[in-house]
Amino acid sequence: MTSALINKARRMYDSRQFTMAEIATSCGVTPMTIYRNIRTGHATAKEPSPRG
């Protein structure tokens, strides 16, 4: 997802007027992609996996 699409998705999500499915359809991606990008801020951000 581009920065513009992430911002669009975040605005739609924050408005609480759209479902994840509606946001995903609007952005041309799956709902999981929306969840992932809203949570991390952008598509390439990945948390390091804990190793122990």
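Note that the structure is a prediction, hence the values are computed from the model and not measured. (Residues numbered from 1 in each chain as written. Predicted model: local features only at pLDDT ≥ 70, side-chain atom pairs only at ≥ 80, totals over all residues. Heavy atoms only, no water.)

Visitor: What should I look at first to understand the environment of Pro31 in this one?
Guide: One can find Pro31 in helix α3 (residues 31-40). Looking at Pro31, the relative accessible area reads 35%, which means it is partly exposed. Separated by 11 residues in the primary sequence, Pro31 and Met20 place their C-alpha atoms 5.6 Å from one another. In this structure Pro31 touches Met20, Ala21 and Ala24, once residues within four positions along its chain are discounted. (Helix = DSSP H or I, 4+ residues; strand = E, 2+ residues; numbered from the N terminus. Buried < 20%, exposed > 50% of the residue type's maximum accessible area, 1.4 Å probe, protein only. Contact = heavy atoms within 4.5 Å.)

Visitor: I would appreciate a short explanation of the nonpolar core in the present structure.
Guide: Grouped burial of nonpolar side chains is what soluble globular proteins tend to show. Grouped together as the largest cluster of nonpolar side chains are eight residues: Ala9, Met12, Met20, Ile23, Ala24, Cys27, Ile34 and Ile38. Secondary-structure elements contributing two or more residues to this core are α1 (3-15), α2 (20-27) and α3. Element by element, the count of residues in this core is highest for α2, at four residues. Ignoring sequence-local partners within four residues, the contact set of Ala9 consists of Met1, Ile23, Cys27, Ile34 and Ile38. (Core = buried A, V, L, I, M, F, W, Y, C linked by side-chain atoms within 4.5 Å.)

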